Amino acid sequence: FADADTPVTFGDATLEATLLALPGVDANGDGALSEGELAAMTGGLVLHSLGITDVTGMQYLSGITWIDLSGNAIRGISPLTALSLDTLDITRNYLDISEGSDDRAAIATLEAAGCTVSWDPQTPIPADGVSLNRDSAEMCARDTLSLTATVSPADAVNQAVSWASDAEGVATVADGAVTAVSVGTARITATTADGGFTATCTVTVKPDKLASGIYTI
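Residues numbered from 1 in each chain as written. Predicted model: local features only at pLDDT ≥ 70, side-chain atom pairs only at ≥ 80, totals over all residues. Heavy atoms only, no water.

1. Examining the confidence of the model for the chain
Per-residue confidence for the chain averages 94 on the pLDDT scale, and 94% of its residues sit at or above 70. Per-residue pLDDT stays below 50 along residues 211–217; that stretch engages in five contacts with residues further than four places along the chain or on separate chains. (pLDDT = per-residue confidence, 0-100. Contact = heavy atoms within 4.5 Å.)

Laid out in structure tokens, this is it:
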């Protein structure tokens, strides 16, 4: 149940700003939204393609009967199960709609309560970065080193990366396996197939002997 004066904590600034900008919603004009102010809203909400990532806070919209949240970047919808909706469009988000997932369970809960939910298709989750298990290494000629690239987020659909060395005369790389060739410095770079994000390890190949003009150690 909504507490009329309790401020709502939103999980997404765009969602909060969009609701706050609607005429008459901020009834007391304090520049913030309370549970009671959200509960007083009626009708429907068009919130598609705004870049919303989190629906936390929407659970207090108890008077709203339909919502269009399509085309956003939402990863979870459990707060919406508290609402008595007639229709909900959550297509083209980043939801996990596989059997047994939390999102499918939330969809089932909404449908069991009489809500018509549009939920397929979803947008494939894109990569947003990559990291390596180390950012520098020292090697001698003929040494080998294994680099591991981790694409984020972990549930990005395309986890593929390509590898390159900017100085193959110093060190080569194939599928993350680095081989030192000769003295010098090489930058080993992993690049994501999705988005072209990069991470680099600087490899320094040192002499395997210390030499002087008189003797070799």
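Read on for the rest.
2. Some words on the nonpolar core
With 31 residues, the main nonpolar core has Met-58, Ile-67, Leu-69, Ile-77 and Leu-88 as its most contacted residues. When contributions to this core are tallied by element, the ones reaching two or more residues are α1 (13–21), β2 (64–68) and α3 (102–112). At three residues, the largest contribution of residues to this core is made by α3. Those residues within four positions of Met-58 in sequence are excluded, and the remaining contacts are Leu-15, Leu-47, Ile-67, Leu-69, Leu-80 and Leu-83. (Core = buried A, V, L, I, M, F, W, Y, C linked by side-chain atoms within 4.5 Å. Buried < 20%, exposed > 50% of the residue type's maximum accessible area, 1.4 Å probe, protein only. Helix = DSSP H or I, 4+ residues; strand = E, 2+ residues; numbered from the N terminus.)

3. Overview of α3
Along α3, the residues classified as buried are Asp-103, Ala-106, Ile-107 and Leu-110. What you see down the axis of α3 is that its buried residues fit within an arc of 100°, all on one side. Packed against the buried residues of α3 are β3 (87–89) and β4 (116–118). Positioned one or two residues after α3, Gly-114 has a phi angle of 100°, which is positive. (Arc of directions from axis to C-beta.)

4. With respect to the sheet that holds strand β10 (residues 171–174)
Strands belonging to one sheet form pairs held by backbone hydrogen bonds; the direction of such a pair is parallel or antiparallel. Read from one edge to the other, the open sheet built from three strands follows the order β7-β11-β10, with strand pairing classed as antiparallel. The strands lining the two open edges of the sheet, one partner per strand, are β7 (144–146) and β10. On average, each strand axis in the sheet is inclined to that of its neighbour by 20°, with strand direction left out of account. Note: β7 against strand β11 (residues 177–180), three bridges, orientation antiparallel. By the bridge assignment for β11, Leu-145 is matched with Val-178. (Pairing = 2+ DSSP bridges. Axes fitted to C-alpha atoms, helices over the stretch in contact; angles between N-to-C directions.)

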